[in-house]
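Tertiary structure, described
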Amino acid sequence: MDYKEVFLGAGSILRGSGAFIYFLIPEKWIAMPTYIPPEAYVLKSIDDYAWIMVGNASMLLIPLEENADKVREKNFFELNVKVDDRRHHENIDEWIEKERKKIEKKESKKLKEIGKIKICNHEGAYIVWLEYKKKFGVFGAAICEAFFSCNFYCEETGREIFLKIRSKDPNILLSKRNELLSMISSIGCHSRAAKKTVKNKILFLNEI
Ligand SMILES: [Zn+2]
């Protein structure tokens, strides 16, 4: 499969522009901005690249198939990336336990998968879960959304990086799990995205 590089960044005339992260997506996929403008507060230059140290940004990812000729309404992922120069978790296991507890104590949430993954030379973790919601208040029909979140700390830039991917169609997110893992494992957080496949980067996999 061919991949293309996506740059998730922000800029202003006053501060200049910088990157949250770079990553690779399959050539057929489409990446586009959302109506929510990115927020970027602190820039830090490392080896000719300016990195956003504090802020967040959203993006839409449309996972087009090989020969799809039209995009279905719900067939997209909403990606939110948050970076912070303050570390909120001592290590990745602490994050996993915190997230696991948050999901398990809610009846409306269902844990699907937890795993650890290598991102650049950092140890990252990801969690996949489903969330049932009422469409119109208490009495409405229940809808189900799927989430894929990932957290890691980049020692090179000194940033905690948190990603959350949401899909209104759980089947699409679950069926694109490998592509999403491959995308996450390709993240460049202190250098450009690396052209690597997911195969040799999963550290452990915990099927639930
Ligand atoms: Zn890094």
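Along each chain, numbering runs from 1 in the same order as the chain's sequence is written. Totals for whole chains, interfaces and linings use every residue, but because this is a predicted model, local features are given only for residues with pLDDT of at least 70 and side-chain atom pairs only at 80 or more, for both listing and counting.

1. Topic: the overall build of the protein
Going by this rule: Each helix is a run of DSSP H or I of at least 4 residues and each strand a run of E of at least 2, with the numbering of both proceeding from the N terminus. Once C-beta atoms are placed from the backbone, each residue is buried if 20 or more other C-beta atoms lie within 10 Å of its own, exposed if 12 or fewer, and partly exposed for counts between those two. Residues are treated as contacting if the C-beta atoms built from their backbones sit within 7 Å of each other.
Scanning the protein from N- to C-terminus turns up three helices and 11 strands. In sequence order, the secondary structure elements of the protein are arranged as β-β-β-β-β-β-α-β-β-β-β-α-α-β. Expressed as a percentage of the 208 residues in the protein, the buried residues total 26%. Within the protein, contacts between residues at least 6 apart in sequence are counted, and of these 58% link residues at least 24 apart.

2. Looking at the confidence of the model for the protein
We apply this condition: Per-residue confidence from the predictor is reported as pLDDT, a score between 0 and 100.
When pLDDT is averaged along the protein, the result is 85; 85% of the residues meet or exceed 70. Element-level mean pLDDT values for the protein span from 42 in strand β11 (residues 202-207) up to 97 in strand β10 (residues 159-167). Within the model, pLDDT remains below 50 along residues 196-208, and this stretch shows 28 contacts once partners closer than five positions in the same chain are excluded.

3. Some words on the environment of Glu-145
When you line up the elements, Glu-145 lands in strand β9 (residues 142-154). In this structure Glu-145 comes out as partly exposed when scored by C-beta crowding, with 17 C-beta atoms within 10 Å. Counting along the chain gives 13 residues from Glu-145 to Tyr-132, while the straight-line C-alpha distance between them is 6.5 Å. The residues touching Glu-145, leaving out its near neighbours within four places in the chain, are Glu-131, Lys-133, Arg-166, Ser-167, Lys-168 and Pro-170.

4. Focus: helix α3 (residues 177-185)
Every buried residue belonging to α3 is among Leu-180, Leu-181, Ser-182, Met-183, Ile-184 and Ser-185, and all of these are buried. In this structure, the buried side of α3 is in contact with β2 (16-26), β7 (109-119), β8 (122-134), β9 and β10.

5. Concerning the pairing of β8
Applied cut-off: Pairing between strands is defined by DSSP: at least two bridges between them are needed.
In the sheet, β7 pairs with β8 via 10 bridges, with the strands oriented antiparallel. In the sheet register, Lys-118 faces β8, and the bridge partner there is Glu-123. Turn length for the β7-β8 hairpin, with the two strands adjacent in sequence and antiparallel, is two residues, and the turn residue Cys-120 shows positive phi of about 50 degrees. In the sheet, β8 pairs with β9 via 11 bridges, with the strands oriented antiparallel. Bridge pairing links Val-128 to Phe-148 in β9.

6. Some points on unusual backbone geometry
Non-glycine residue Cys-120 carries a positive phi angle of around 50 degrees. Mapping Cys-120 onto the fold places it in the loop between β7 and β8.

7. Brief notes about the environment of Asp-48
Structurally, Asp-48 can be placed in the loop between β4 (39-46) and β5 (49-62). Its 5 C-beta neighbours within 10 Å are what place Asp-48 among the exposed residues. A sequence separation of 143 residues divides Asp-48 from Ser-191, and the C-alpha atoms of the two residues are 9.7 Å apart.

8. So, the environment of Glu-99
Following the sequence through the fold, Glu-99 ends up in helix α1 (residues 92-104). Once the C-alpha coordinates of Glu-99 and Ile-114 are considered, the two residues, 15 residues apart in sequence, prove to be 9.9 Å apart.

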